[in-house]
Amino acid sequence: MAVREAGKRRGYVPQEIEPRWQRVWRERGVMEASDVSDRPTYYNLVMFPYPSGDLHMGHMRNYVIGDLFSRFKRMRGLEVLNPFGWDAFGLPAENAAMQAGVHPRQWTLNNVGRAREQLAMMGVLYDWRREVTTCNSDYYRWTQWLFLLFHEMGLAYRAMAPVNWCPVDQTVLANEQVINGACWRHPDVPVEKRDLEQWFLRITDYADRLLDDLSLLEAWPEKVRTMQANWIGRSRGVEVDFPVEGQPEPMSVYTTRPDTLFGVTFMVLAPEHPLVDRVTTPGHREAVRAYVEWARRETEIERMSTEGEKTGVPTGGYAINPLNGDRLPIWVADYVLMGYGTGAIMGVPGHDERDFAFARKFDLPVREVIAPPDGPEGELQEAYVGPGFMVNSGEFAGLDSKAGFERVADRVEELGIGRRATRYRLRDWLISRQRYWGCPIPVIHCPDCGIVPVPRDELPVELPERYERLSEQPEWYTVSCPRCGGEARRETDTMDTFIDSAWYFLRYTSAQDQLEPFDSELANRWMPVDQYTGGVEHAILHLLYSRFFQKVLHDAGLVEAIEPFTRLFTQGMVTRGGQVMSKSRGNGVAPDDLVAREGADAGRVYELFIGPPEDDSEWTDEAIAGPVRFLQRVWRLVLDPDSFDRTRVAADATALRRKVHQTVRKVTEDYEGFRFNTSVAALMELSNAMQDHLAGGGERGAEWDEAVRSLILLLHPMAPHITEELWERTGGVGLCADASWPEYDAAAARDEEVVLGVQVGGRVRDRLQVPAGLDEAAATERALASEPARRALGNGGAPSRVVYVPDKLINLVP
């Protein structure tokens, strides 16, 4: 293999070669995907980021993984779509802009430009022709178009809803933005609960499909599917009507445990329940009102927490158990939420942990009605939530609890006091936000015509240039009604930014389309996404909303796929000093500094070698020295092999070739399986084997040339700059990025000898070094010659059966 002499005179200086290859890749459009290629398509996607400022190496882990995989798939002969964009709307940008004293658009677009520079300096390639920026009107025009489609389909509606309201920012806050009852930006300002008219999307109409279709997502992490299933929270139970003393209407309760109805000892209403005022007696009114006001300041997360003491107050009212006539005190407690079930629960402390804690706190009765299989416990010291048989349950006593579910449900329906029902934890998606920096909702409020959609040919409804809350800009919101021509008012709420990210992957397939959100033909060519990579923090909301959008658009006839993402990988965080790498914590490692010191390729290899990519990994500045030395060794092996000492045993060209083909097999499998840390180790082992070959005086013939070529190609997706340089200097044709992935020869990769485990009756008795590929007869002969195996079989004993796994184990069954 010819090597340019310059390579021997000049050592590896990454800062000299990396900018050149970044320019070449850009000029030649290496990652530009063709919409008409006859090669098999592959859609590789990383979750698009929020442009919050400079990137650090914690951010880069996701992008380096995505870049590696795109390069790898291209080299395997696929037409790869690898686009990128920016989730550019949202409250964080607005707040940061306020602090900096600049317009959110200026702040956001400045960050976009800076992040693009940092991605380029790390050698991360995208098809930039398909770039989308959600705050640009050429994107949010189509977000508005899709909103109108949802509205036409009956999936977008406006209704009153209780919200968290910051009186300083004058905006709705997400539950996660309320900390200890105060605004996250104003710790001394209590959040108010307000009932406001808000826009919703009917995601609950798709609850069953979103849950059932999780079975199609076999290539998703099990934990993510479980999290989504729990969030949707489908349950089968019974809705029971409990009469309320002095009230014409009963209290409706949903329970998944009708078999425990005889164990009810109290009832609990959510603080927001409309019955609270009606059932509260005069002597309890002041305490109930104070408690309700306090509870409404809590976040839903705080109320759902199982930690901390239970709180609540009695109303003085009573309900009646319709099955046994028991008189049950009605309480108000924050652990009951209006949005779940009916906003009222029956307290069964004997068989529910939260109810048990509540009963113990307030000295309420605990009754055992489900006994464990070994018999009743009598006085319960904790809630028994397992299966068993019914006790203290009248005519149903003695029934298995599973059978009791059906029998009690039958009786409830026979008596006309309730009905079987299916409930969901999932609630409709509240998308309204009272802020400037978001996509305007394209409807007009007319006093005569009501809610009127903005005509599609008038989209986009653009944000005004002046940075101020839309509700404070009458020159923007005062318009004529599209139907009657009378004076009307634009909607001044903007959309939740999760709307923007619920369909961006479809826009990438035809990002320049001026006639529709996406070209259905091109969407069907590329979709669903073959590989999606991003943080597990998006396991529920973003992924759930994206799945919802995909199903709606499928129903509308715009796309064929019913799920957007075939395969999902959630990478772990990068930590430094024991904390997640973050600019705000001061522990971020800037790509600029790293590239200036060690080069982009060293940073990329270290990101991949630092640990299993699905796990959190600790970044240490000292440890990057290992990848740096490795790349320097690769440079010398390829361009200056004479610099290595020849002091060891004679080289074996056959052994080198075997190691090359084993490495090709290993790295190929590891890349496909996202085991990047072990693929780095395999390439390090190959470089060591090549160095040993030189040290032993091995010839640099065909086997050596094959090793060099394979090392360069296998390393390219990880360290693309150095490998492009080495590919050119060794006479490679075209770009390394465009070269074909090496194939391994199974025969060449086979070890000459393997360790064969010898078992007797399934228990390992010996391990034998045997020739690879040994047939069963020869393997049995070797195993029977083993002294430990003979002793285990018994003197002179012969196996009744032999189970043989070639090159791995042989089991002699006595």
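Anything mentioned here points back to the structure above.
A brief look at the structure comes next. (Residues numbered from 1 in each chain as written. Predicted model: local features only at pLDDT ≥ 70, side-chain atom pairs only at ≥ 80, totals over all residues. Heavy atoms only, no water.)

This part takes up the packing of aromatic side chains. Summed over the entire model, instances satisfying the criterion amount to 44 aromatic pairs. Each ring, one from Phe 262 and one from Phe 396, has its centre 6.0 Å from the other, and the planes form 55°; the classification is tilted. Of this pair, Phe 262 sits in the loop between strand E11 (251-255) and strand E12 (266-269) while Phe 396 sits in the loop between strand E17 (389-390) and helix H13 (401-414), placing them 134 residues apart in sequence. An angle of 75° between the planes, with centres 4.6 Å apart, marks the rings of Tyr 606 and Trp 619 as edge-to-face. Of this pair, Tyr 606 sits in helix H19 (residues 600-609) while Trp 619 is found in the loop between strand E30 (617-618) and helix H20 (625-639), placing the two residues 13 residues apart along the sequence. A single burial state applies to Tyr 606 and to Trp 619, both of which are buried. Cluster of aromatic residues (ring-pair linked, three or more members): Tyr 42, Phe 69, Phe 72, Phe 569, Tyr 671, Phe 674, Phe 676 and Trp 741. Of note, Arg 423 hangs over the ring of Tyr 254, and the distance from its end group to the ring centre comes to 5.3 Å. (Phe/Tyr/Trp six-rings, centres within 6.5 Å; stacked < 30°, edge-to-face > 60°. Helix = DSSP H or I, 4+ residues; strand = E, 2+ residues; numbered from the N terminus. Buried < 20%, exposed > 50% of the residue type's maximum accessible area, 1.4 Å probe, protein only. Lys NZ or Arg CZ within 6 Å of the ring centre and 35° of its normal.)

Another point: the sheet that holds strand E2 (residues 79-81). One open sheet holds the four strands; their spatial order is E2-E1-E26-E27, and the pairing between them is parallel. Taken across any chain shown, the strands that pair with only one partner, and hence form the sheet edges, are E2 and strand E27 (568-571). Going across the sheet, the axis of each strand differs from the next one's by a mean of 20°, ignoring polarity. In the sheet, strand E1 (residues 41-46) pairs with strand E26 (residues 531-535) via three bridges, with the strands oriented parallel. Paired with Asn 44 across the bridge in E26 is Gln 531. Packing against the sheet, helix H3 (residues 57-75) makes contact with E1, E2, E26 and E27, and its axis sits at approximately 170° to E1. (Pairing = 2+ DSSP bridges. Axes fitted to C-alpha atoms, helices over the stretch in contact; angles between N-to-C directions. Contact = heavy atoms within 4.5 Å.)

Attention now moves to the pairing of strand E22 (residues 450-453). On a regular strand, each side chain points to the face opposite its neighbour's, so the side chains alternate between the two faces of the sheet. The pairing of strand E21 (residues 443-446) with E22 spans four bridges and is classified as antiparallel. In the strand pairing of E22, Ile 444 is matched with Val 452. Here E21 hands over to E22 after three residues, the two strands then running antiparallel side by side.

Glancing now at the packing of helix H21 (residues 653-672) against helix H22 (residues 676-695). Taken N-terminus to C-terminus, the directions of H21 and H22 make an angle of 170°; their axes are 9 Å apart at the nearest point. Classified by the interaxial angle, the pair formed by H21 and H22 is roughly antiparallel. Each of Ala 653, Leu 656, Lys 659, Val 660, Thr 663, Lys 666, Val 667, Asp 670 and Tyr 671 in H21 lies in contact with H22, whose residues at this interface are Phe 676, Thr 678, Ser 679, Ala 682, Leu 683, Glu 685, Leu 686, Ala 689, Met 690 and His 693. Grouping the amino acids of the contact of H21 with H22 by side-chain chemistry returns 11 nonpolar, four polar and four charged. (Parallel < 35°, antiparallel > 145°, perpendicular 65-115°, else oblique. Nonpolar A, V, L, I, M, F, W, Y, C, P; charged D, E, K, R; others polar.)

Moving on to unusual backbone geometry. Here the amide bond leading from Leu 459 into Pro 460 is cis, since omega sits at 5°, within 30 degrees of zero. Along the chain, Pro 460 turns up in the loop between E22 and helix H14 (474-477). Omega for the bond connecting Met 527 with Pro 528 falls within 30 degrees of zero, at 0°, which places this linkage in the cis form. Structurally, the position occupied by Pro 528 is in the loop between helix H16 (520-526) and E26. One non-glycine residue with positive phi stands out, namely Phe 674, at about 55°. Following the sequence through the fold, Phe 674 ends up in the loop between H21 and H22. The exposure class assigned to Phe 674 is buried, which follows from its relative accessible area of 2%. Here the phi dihedral of Asp 807 falls at roughly 70°; this positive angle occurs in a residue that is not glycine. According to the relative accessible area criterion, Asp 807 is partly exposed, its value standing at 25%.

This next bit is on the environment of Asp 208. The topology assignment puts Asp 208 in helix H7 (residues 207-212). Sequence spacing of Asp 208 and Ile 232 is 24 residues, and the spatial spacing of their C-alpha atoms is 8.6 Å. Sequence-distant contacts of Asp 208, that is, excluding residues within four places in its chain, are made with Arg 234 and Tyr 424. Within the structure, Asp 208 has its side chain in polar contact with the side chain of Tyr 424 (distance 2.4 Å). (Polar contact = N/O pair within 3.5 Å; in protein donor to acceptor, adjacent residues only side chain to side chain.)

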